Amino acid sequence: MTTKRRPALRTLACPQCLQKAVLQRILYGMPGPDFDYKRYASGGCVVYPGQPDLACKECGWTGHRYFLENPDDIRDILDIDPRF
Ligand SMILES: [Zn+2]
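Residues numbered from 1 in each chain as written. Predicted model: local features only at pLDDT ≥ 70, side-chain atom pairs only at ≥ 80, totals over all residues.

Engineer: What is the right way to look at the environment of Q16 in this model?
Structural biologist: Locating Q16 in the fold gives a position in the segment before β1 (23-27). Using a count of 14 C-beta atoms within 10 Å as the deciding quantity, one classes Q16 as partly exposed. Sequence separation between Q16 and D36 is 20 residues; the distance between their C-alpha atoms is 24 Å. (Helix = DSSP H or I, 4+ residues; strand = E, 2+ residues; numbered from the N terminus. Buried ≥ 20, exposed ≤ 12 C-beta atoms within 10 Å, placed from the backbone.)

What follows is the structure in structure tokens.
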């Protein structure tokens, strides 16, 4: 069995502005009073298939973490993500 460790989010560079430590996870659902806006971006409460799970706080880019970690994978996110 092989385990592949995921790189930490802060080590990933934004593909648009190429800065590091600017990507935030997008959380969906109604943000509560304790929502941590410094750590996460709010994706709103409407959930639909293939939504991005990362947002750049510098340039506004949104996309999928999977493709940052697997740039050679050209499949559509809908073919990959079993959550939907
Ligand atoms: Zn960016």
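Back to the write-up after that little detour.
Engineer: Sorry if this is basic, but what is going on with unusual backbone geometry here?
Structural biologist: Glycine aside, residues mostly have negative phi angles, and peptide bonds mostly take the trans form. A positive phi angle is found at L18, which is not glycine, with a value near 65°. The residue L18 is located in the segment before β1 in this model. Phi at A21 is positive, roughly 60°, even though this residue is not glycine. Locating A21 in the fold gives a position in the segment before β1.

Engineer: Sorry, what's going on with the confidence of the model for the protein here?
Structural biologist: For residues with low pLDDT, the predicted coordinates do not support detailed interpretation. On average, residues of the protein score 87 in pLDDT, and 93% of them are at 70 or above. Across the protein, strand β3 (residues 54-56) holds the top mean pLDDT of 96, while helix α2 (residues 77-80) sits lowest at 84. (pLDDT = per-residue confidence, 0-100.)

Engineer: When you look at the sheet that holds strand β2 (residues 40-42) in this model, what are you seeing that I'm missing?
Structural biologist: Note: strands within a sheet are paired through backbone hydrogen bonds, in either parallel or antiparallel orientation. Taking strand neighbours across the sheet as the criterion, the 4 strands line up as β2-β1-β3-β4 in an open arrangement whose pairing is mixed. Two strands close off the open sheet at either side, each with one partner strand: β2 and β4 (62-63). Alignment of β3 against β4, held across 2 bridges, turns out to be antiparallel. Bridged to A55 within β4 is T62. (Pairing = 2+ DSSP bridges.)

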